[in-house]
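These are the residues of each chain, in order.
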Amino acid sequence: MSRSKCPVGLMPSVVAPAKEPNATCPKAVELVLVKEQNGVQLTNSTLVNSPQTPVETQERETWSKKIDFLLSVIGFAVDLANVWRFPYLCYKNGGGVGFTVILISLYVGFFYNVIIAWALHYFFSSFTMELPWIHCNNTWNSPNCTDAHSGNASDALGLNDSFRTTPAAEYFERGVLHLHESHGINDLGPPRWQLTSCLVLVIVLLYFSLWKGVKTSGKVVWITATMPYMVLFALLLRGITLPGAMDGIRAYLSVDFHRLCEASVWIDAATQICFSLGVGFGVLIAFSSYNKFTNNCYRDAIITTSVNSLTSFSSGFVVFSFLGYMAQKHNVPIGDVAKDGPGLIFIIYPEALATLPLSSAWAVVFFIMLLTLGIDSAMGGMESVITGLIDEFQLLHRHRELFTLFIVLATFLLSLFCVTNGGIYVFTLLDHFAAGTSILFGVLIEAIGVAWFYGVRQFSDDIKQMTGQRPSLYWRLCWKFVSPCFLLFVVVVSIVTFRPPHYGDYVFPEWANALGWTIAASSMSMVPIYAAYKFYSLPGSLREKVAYAITPEKEHQLVDRGQVRQFTLRHWLMV
């Protein structure tokens, strides 16, 4: 994309200078990403005069095509959580923020890449005439393994004897994870070379998808964002033809309105939508920062949320058609086979696929879907870390390839803890603490920062400047009152009703729970720590420090003149 060389003026905390195609010298449109003291990133556009001395600035790359951006956002939003978490939650329940989100995304990357490595291991293992999780005659099987083809069906699921296990469960826990060689989180053992090799392939793929920024990642998502839909459709066609599928779908669609009175339902819903859409992870901000200023962000938001929600809902039909089939096959209730997390996609689903004709082919197709779902979401999470830091520290921008290599290598080294004999315990701990309460807290602070300190009216004016249309009263009321109140409720309740993590019958020791809370608190503490740092580094009296701290940097000249809109009652009451 060609750009004229009109000089662009600089402002404090300017991240993304860009010029509209129709802008003419000596004035240029300046796109800035204002980083407020509370960590919220906002955009603004101003006309600036050319400086007396031209200053060389680094131009920000943009998406090659609009569809690259949409596919990247949708690919990140539609991830493994849509397949393994949303359908189960429906059945179960009846029906300084910038640094915080960077740290959360980094923590999630430590264990999310391991899921992709598991899927890659299963993908390679599926290229056999007979899937390795069908029978109990393998070297990793224990005497407790019961083959459903030769034993009692209910025994095969471990329902009559708590020590009975299925071949699929033993393949995952003993053949892949080697969990039987660990006694707990204090006995991790060495990394397994098979999983480490798969993790290396994942990291290499991520690096070469990200090293050149959106120019490369925007092309990769053409495959990773579209492939899952073709696979889901194929699995749906196969699933609804299985015996018992309608029973599973009826269980999925059954609604228990009394469950809406339980706080856990709302916590699960809020966490799921934040985790799935990526709200609070910084990914959407990172991707959007590569758009042109006049991009229709309202339309993109509606498209992304609609596609994500519809995908989650439709994937439930795929999942529960197979669960209904498994329940009828073993003559047990749906609740006995419905699981979330790794148990669903690495035990229940492979077991179901193993009973189908051409089982190896179906397994290959299924794990291709998991790989594509995981890769584009992992790309999004890592891109938010990379973009957030290179925008904050311009030195890194000039060495993006090296910095990207450093991030992926650091992620790889820390992910090695999750591919040890007891790695599933580390995985479970990170999954429970890294992006639970902390992500809800991050979104709450973002909502308060935008709606109250920056101001709904100012935010709406910015959107009108970008799209030409002011948001309706409905959205403004949601931003101002509904979202902050709801998020505050779920944050408080999630802390009050906290339940320690567990994996099967294994209960984590107290020190592990303390470590988990330390991980959660480390990301949440970025808000007060950075706020305190900025507050004490600001000049002036106490009143002036407060004024500067709660005012966007582009309005600091108004603070110098004593015009602080945040000190007026009108600012706080305006919607």
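Residues numbered from 1 in each chain as written. Predicted model: local features only at pLDDT ≥ 70, side-chain atom pairs only at ≥ 80, totals over all residues. Heavy atoms only, no water.

- The name given to the protein in an unreviewed UniProt entry is Sodium-dependent dopamine transporter, with the source organism recorded as Phyllostomus discolor.
- For the protein, the Function (unreviewed entry) comment in UniProt is given as "Mediates sodium- and chloride-dependent transport of dopamine. Also mediates sodium- and chloride-dependent transport of norepinephrine (also known as noradrenaline). Regulator of light-dependent retinal hyaloid vessel regression, downstream of OPN5 signaling." (UniProt positions renumbered as here; feature names shortened; annotations may be inferred.)

1. A look at the overall build of the protein
Okay, step 1: A count of helical and extended segments in the protein gives 25 helices and 4 strands.
Okay, step 2: Counting all 575 residues of the protein, 56% fall into the buried class.
Okay, step 3: When the accessible area of the protein is evaluated, it comes to approximately 25300 Å², of which 66% is carbon and sulfur surface. (Helix = DSSP H or I, 4+ residues; strand = E, 2+ residues; numbered from the N terminus. Buried < 20%, exposed > 50% of the residue type's maximum accessible area, 1.4 Å probe, protein only. Areas by Shrake-Rupley, 256 points an atom, 1.4 Å probe, with all protein chains shown as cover.)

2. Description of the state of the cysteines
Okay, step 1: Applying the stated criterion to the full structure yields 1 disulfide.
Okay, step 2: The side chain of C136 participates in a disulfide bridge whose partner is C145; the two sulfur atoms lie 2.0 Å from each other. In this structure, the disulfide formed by C136 and C145 twists by about -70 degrees around the S-S bond and is classed as left-handed. (Disulfide = S-S within 2.5 Å.)

3. A word on the environment of T165
Okay, step 1: Checked against the element boundaries, T165 lands in the loop between α5 (153-156) and α6 (167-176).
Okay, step 2: In this structure the C-alpha to C-alpha distance between T165 and C145, which are 20 residues apart in sequence, comes to 4.9 Å.
Okay, step 3: There is a polar contact of 2.7 Å between the side chain of T165 and the side chain of E170. (Polar contact = N/O pair within 3.5 Å; in protein donor to acceptor, adjacent residues only side chain to side chain.)

4. Points about helix α11 (residues 263-277)
Okay, step 1: With 15 residues, α11 ought to run about 21 Å at 1.5 Å a step, and its terminal C-alpha atoms sit 21 Å apart, in line with that.
Okay, step 2: The complete set of buried residues in α11 reads V265, I267, D268, A270, T271, Q272, C274, F275, S276 and L277.
Okay, step 3: After α11 finishes, the residue G278 shows a positive phi value of roughly 85 degrees. (Expected span 1.5 Å × (residues − 1).)

5. Thoughts on the pattern of salt bridges
Okay, step 1: Following the criterion strictly, the structure yields 7 salt bridges and no others.
Okay, step 2: In this structure, the salt-bridge partner of R565 is E555, at a minimum N-O distance of 3.0 Å. With R565 in the loop between α24 (556-560) and α25 (569-573) and E555 in the loop between α23 (542-549) and α24, the pair connects residues that are 10 residues apart, well separated along the chain. (Salt bridge = Lys/Arg side-chain N within 4 Å of Asp/Glu carboxyl O.)

6. Observations concerning the packing of aromatic side chains
Okay, step 1: Evaluation of the coordinates by the stated rule reveals 42 aromatic pairs.
Okay, step 2: Relative to F208, the ring of Y207 has its centre 5.2 Å away and its plane inclined at 75 degrees; by these criteria the two rings are edge-to-face.
Okay, step 3: Just above the ring of F535 sits the side chain of K545; from NZ or CZ to the centre is 5.9 Å. (Phe/Tyr/Trp six-rings, centres within 6.5 Å; stacked < 30°, edge-to-face > 60°. Lys NZ or Arg CZ within 6 Å of the ring centre and 35° of its normal.)

7. Points about helix α22 (residues 526-537)
Okay, step 1: For α22, with 12 residues, the first-to-last C-alpha span of 16 Å sits near the 16 Å given by 1.5 Å per residue.
Okay, step 2: For α22, the complete set of buried residues consists of V527, Y530, K534 and F535. End-on, the buried residues of α22 take up no more than an arc of 135 degrees, which puts them together on one face. Turned more than 90 degrees away from the buried face of α22 sit I529, Y533 and Y536, all of them exposed. (Arc of directions from axis to C-beta.)

8. Section: the packing of helix α9 (residues 227-239) against helix α13 (residues 297-330)
Okay, step 1: Running from amino to carboxyl end, α9 crosses α13 at an angle of 35 degrees, the nearest separation of the two axes being 9 Å. In terms of crossing hand, the pair formed by α9 and α13 is left-handed. Along the contact surface, α9 presents Y229, L232, L235, L236 and G239, while α13 presents V307, T311, S315, F317, V318, S321 and F322.
Okay, step 2: Among the residues forming the contact of α9 with α13, the class breakdown is 8 nonpolar, 4 polar and no charged. (Axes fitted to C-alpha atoms, helices over the stretch in contact; angles between N-to-C directions. Left-handed = near helix turned anticlockwise from the far one by under 90°. Contact = heavy atoms within 4.5 Å. Nonpolar A, V, L, I, M, F, W, Y, C, P; charged D, E, K, R; others polar.)

9. Let's talk about the environment of I407
Okay, step 1: Structurally, I407 is set in helix α17 (residues 400-415).
Okay, step 2: When its relative accessible area of 7% is taken as the criterion, I407 is described as buried.
Okay, step 3: Discounting chain neighbours no more than four positions away, the residues touching I407 are M382, V385 and I386.

10. Here's the deal with the packing of helix α7 (residues 193-210) against helix α15 (residues 359-392)
Okay, step 1: Where α7 contacts α15, the two axes come as close as 10 Å, and the packing angle between them is 60 degrees. Taken together, α7 and α15 sit at an angle that is classed as oblique. α15 is crossed by α7, and the crossing has right-handed handedness. For the pair formed by α7 and α15, the contact residues are V202, L205, L206, S209 and L210 on the first element and I375, A378, M379, M382, E383 and I386 on the second.
Okay, step 2: Here the residues of the contact of α7 with α15 are counted per class, giving 9 nonpolar, 1 polar and 1 charged. (Parallel < 35°, antiparallel > 145°, perpendicular 65-115°, else oblique.)

11. Some words on unusual backbone geometry
Okay, step 1: Phi is positive for H178, which is not a glycine, with a value near 60 degrees.
Okay, step 2: In the Ramachandran plot, L358 falls in the positive-phi region, its phi being about 55 degrees despite a non-glycine side chain.
Okay, step 3: Here L358 is to be found in the loop between α14 (342-354) and α15.

12. Considering the environment of E181
Okay, step 1: Relative to the helices and strands, E181 is located in the loop between α6 and α7.
Okay, step 2: Judged by its relative accessible area of 38%, E181 is partly exposed.
Okay, step 3: Along the primary structure E181 and G422 are separated by 241 residues, whereas in three dimensions their C-alpha atoms are 7.6 Å apart.
Okay, step 4: Apart from residues lying up to four places away in sequence, E181 is in contact with D187, R192 and N421.

13. Description of the side chain of S522
Okay, step 1: Along the chain, S522 turns up in helix α21 (residues 510-524).
Okay, step 2: A distance of 2.6 Å separates a polar side-chain atom of S522 from the backbone oxygen of I519.
Okay, step 3: Contacts of S522, omitting those with residues within four sequence positions, involve L103 and Y107.

14. What about the confidence of the model for the protein?
Okay, step 1: Overall, the predicted model of the protein reaches an average pLDDT of 80, with 79% of residues at or above 70.
Okay, step 2: Confidence, read as mean pLDDT per element, is least for strand β1 (residues 27-35) in the protein (36) and greatest for α21 (95).
Okay, step 3: Confidence drops under a pLDDT of 50 for residues 1-57, and excluding neighbours within four residues, the segment shows 133 contacts in the predicted structure.
Okay, step 4: In the predicted structure, residues 150-160 sits below a pLDDT of 50 and forms 23 contacts with residues beyond four places in sequence or in another chain. (pLDDT = per-residue confidence, 0-100.)

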